[in-house]
Amino acid sequence: MTDCPGDGVGAASPMELYEKLTAQGDKVRTLKTAKADKADVDAAVQLLLKLKVDYKHTTGSDYKAGCPPSEDAVVQDGGPSGDGAEEDTVDPWNVSTSSAKGVDYDKLIVRFGSSKVDQELVDRIEKISGQKPHRFLRRGIFFSHRDMHQVLDAYEKQKSFYLYTGRGPSSQAMHVGHLIPFIFTKWLQDVFDIPLVIQLTDDEKYLWKDLTLEDCHRFAVENAKDIIACGFDVNKTFIFSDLDYMGSSPDFYRNVVKIQKHVTFNQVKGIFGFTDSDCIGKISFPAIQAAPSFSNSFPQIFKGRKDVTCLIPCAIDQDPYFRMTRDVAPRIGYPKPALLHSTFFPALQGAQTKMSASDANSSIFLTDTAKQIKNKVNKHAFSGGKDTVEEHRKHGGNPDVDVSFMYLTFFLEDDEQLEKIRQDYASGALLTGELKKILIETLQPMITAHQEKRKQVTEETVKQFMTPRPLNF
């Protein structure tokens, strides 16, 4: 980030960090005393919090005003706790952690200021929907939320809501991790019988990636076919490309401009880490991702109403966009969108990063053959097993770091079967090769079935989904 102390932990000395923190604390107090613009205060507070994290990471101690670090303060390598907790990087473009178990989601809830999806909320969703909770809810894959109880309160009073999720089309082929928000969103659409808008951010990919506009738009259409193959109802689903819809919907563009007016450059720098060398398209893009959160961006669906609440199921790395959106919403007269956040789908090589469409061996693609799936799992899936069969039988494996078990958590429907696999693997009764075989036999028919459904999606079907029109609402 432009205003941060260097580019990474250890770039500044403990004393330099202490001095920057002290100065930033003074700045925040001055802005508050002067009753400065809220956006400027927020940006200053964001930077203050970031500096405090960097200070603790560097020195191993919390910052205390008037207590400078000693001259021999030791710079930490792995964070104050040594468990890598402070090293979790989660933003819309990068996800990484030093822990083989993956990101610490409980700490992420605290850091992002969201609420945990607890058993009470899962039970309430079951009661109101009349359906068994989706496995993603039962297993904590959708683990965090903002204002979900308010959405359910309104729904109980016969006030409908709508769903919004999206996809950044950076490649022609999607991988299984990309399916997670769509599988869950389809379930929500079915059980609550509500409309859904799906944003394809082909403009974003053009701004961030070394791709042509034509390629980005082509990827959007190809990705739409995979999304449609998930089984969405054409009468309740509108899929749109930003490159198409922005130019044809004055209402959508008006909301983009309203949002742009109410977010300062300092704010987006603080939230997203933009630098002075980033193109202006990147700086203005967050407003485009925010606009679908407001119902009057879709006059063909909601007939100009601006009071329909939006629920956004997404991976938690997208939350910064919607923290910004929720901050802006009341200032432009709209309800705040609610959110349901998912965990990340880990790369085959381990939960330290999420799957990447740019690394063929980190992902199981929806275009992979049965043989490719088998080879990738057997060759690349990180194992929680021991080095020898004898050792594994004696001590058991660790399902918490085993990628094959993690994948089964996402895709195996039967809770009892999943728990038995966990216990057998942890006890040593189930070997790594046997666990990988179970995953292969789960993925192969699932992906084959998806490929068959995708073949049935014609250009005409895509056009139906992507044409602005009234939906069942």
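What counts as what
- Residues numbered from 1 in each chain as written.
- Predicted model: local features only at pLDDT ≥ 70, side-chain atom pairs only at ≥ 80, totals over all residues.
- Heavy atoms only, no water.
- Helix = DSSP H or I, 4+ residues; strand = E, 2+ residues; numbered from the N terminus.
- Buried < 20%, exposed > 50% of the residue type's maximum accessible area, 1.4 Å probe, protein only.
- Core = buried A, V, L, I, M, F, W, Y, C linked by side-chain atoms within 4.5 Å.
- Pairing = 2+ DSSP bridges.
- Right-handed = clockwise from strand over helix to strand, strands pointing away.
- Phe/Tyr/Trp six-rings, centres within 6.5 Å; stacked < 30°, edge-to-face > 60°.
- Lys NZ or Arg CZ within 6 Å of the ring centre and 35° of its normal.
- Axes fitted to C-alpha atoms, helices over the stretch in contact; angles between N-to-C directions.
- Parallel < 35°, antiparallel > 145°, perpendicular 65-115°, else oblique.
- Left-handed = near helix turned anticlockwise from the far one by under 90°.
- Contact = heavy atoms within 4.5 Å.
- Nonpolar A, V, L, I, M, F, W, Y, C, P; charged D, E, K, R; others polar.
- Polar contact = N/O pair within 3.5 Å; in protein donor to acceptor, adjacent residues only side chain to side chain.
- Patch = residues over 30% accessible without salt bridge, like charges linked within 9 Å, V, L, I, M, F, W, Y side chains within 5 Å.
- Areas by Shrake-Rupley, 256 points an atom, 1.4 Å probe, with all protein chains shown as cover.
- Salt bridge = Lys/Arg side-chain N within 4 Å of Asp/Glu carboxyl O.

This next bit is on unusual backbone geometry. The phi angle of most residues is negative, glycine excepted, and most peptide bonds adopt the trans form. Of note in this structure, Lys35 is not a glycine but carries a positive phi near 50 degrees. For Lys35, the position within the fold is in the loop between helix H1 (14–33) and helix H2 (38–59). On the accessibility criterion, Lys35 (75% relative accessible area) is exposed. Positive phi outside glycine occurs at Asp147, with the angle close to 65 degrees. Among the structural elements, Asp147 can be located in the loop between strand E4 (142–146) and helix H6 (148–156).

Glancing now at the nonpolar core. Nonpolar side chains in soluble globular proteins tend to end up buried together. Judged by nonpolar contacts, the single largest core of 68 residues is most densely connected at Phe192, Ile239 and Ile364. Sorting elements by how many residues they give to this core places helix H7 (residues 176–192) first, with 9 residues.

Our focus in this paragraph is the pairing of strand E5 (residues 161–167). Among the 7 residues that make up E5, 6 are buried, leaving the element largely enclosed by the rest of the structure. The sheet contact formed by E5 and strand E8 (residues 309–315) spans 3 bridges and is parallel. Across the sheet, residue Tyr162 finds its bridge partner in E8, namely Cys310. Two elements, E5 and strand E6 (residues 196–200), share 5 bridges in a ladder whose sense is parallel. Bridged to Thr165 within E6 is Ile198. Each parallel crossover has a hand, and the one from E5 via H7 to E6 is right-handed.

The next subject is the packing of aromatic side chains. Inspection of every chain in the model, using the stated rule, returns 33 aromatic pairs. Where Phe272 meets Phe274, the ring centres are 5.5 Å apart and the plane angle is 20 degrees; that geometry is what we call stacked. Considered together, Phe272 and Phe274 belong to a single accessibility category, that of buried residues. Linked through ring pairs, Phe136, Phe142, Phe184, Trp187, Phe345, Tyr407, Phe410 and Phe411 together constitute an aromatic cluster. Above the plane of the ring of Phe112 lies Arg323, whose end atom (NZ or CZ) is 4.4 Å from the centre.

Between H2 and helix H12 (residues 265–272), the least distance of the axes is 8 Å, while the angle of their chain directions is 25 degrees. Viewed along their axes, H2 and H12 adopt a mutual orientation that is roughly parallel. Considering how the two elements wind past one another, H2 and H12 form a crossing that is left-handed. Only Asn266, Gln267, Gly270 and Ile271 of H12 make contact with H2, whose side of the interface consists of Ala39, Asp40, Asp42, Ala43 and Gln46. Taken together, the residues of the contact of H2 with H12 sort by class into 3 nonpolar, 4 polar and 2 charged.

For the rest of this paragraph, the subject is the side chain of Asp226. Among the structural elements, Asp226 can be located in helix H9 (residues 213–228). Residue class for Asp226 comes out buried when judged on its relative accessible area of 3%. Of note is the side chain of Asp226, whose polar atom sits 2.8 Å from the side chain of His450.

What follows deals with the packing of helix H16 (residues 370–380) against helix H20 (residues 432–455). Taken N-terminus to C-terminus, the directions of H16 and H20 make an angle of 150 degrees; their axes are 9 Å apart at the nearest point. By the angle between their directions, the pair H16 and H20 is classed as roughly antiparallel. Considering how the two elements wind past one another, H16 and H20 form a crossing that is right-handed. Contacts between H16 and H20 involve Ala370, Ile373, Lys374, Val377 and Asn378 from the first element and Lys436, Leu439, Ile440, Leu443, Gln444 and Ile447 from the second.

Attention now moves to a nonpolar patch on the surface. On the surface, a cluster of nonpolar side chains totalling about 240 Å² of accessible area is made up of Tyr206, Leu213 and Leu243. Considering the arrangement of structural elements, one finds Leu243 in helix H10 (residues 242–248).

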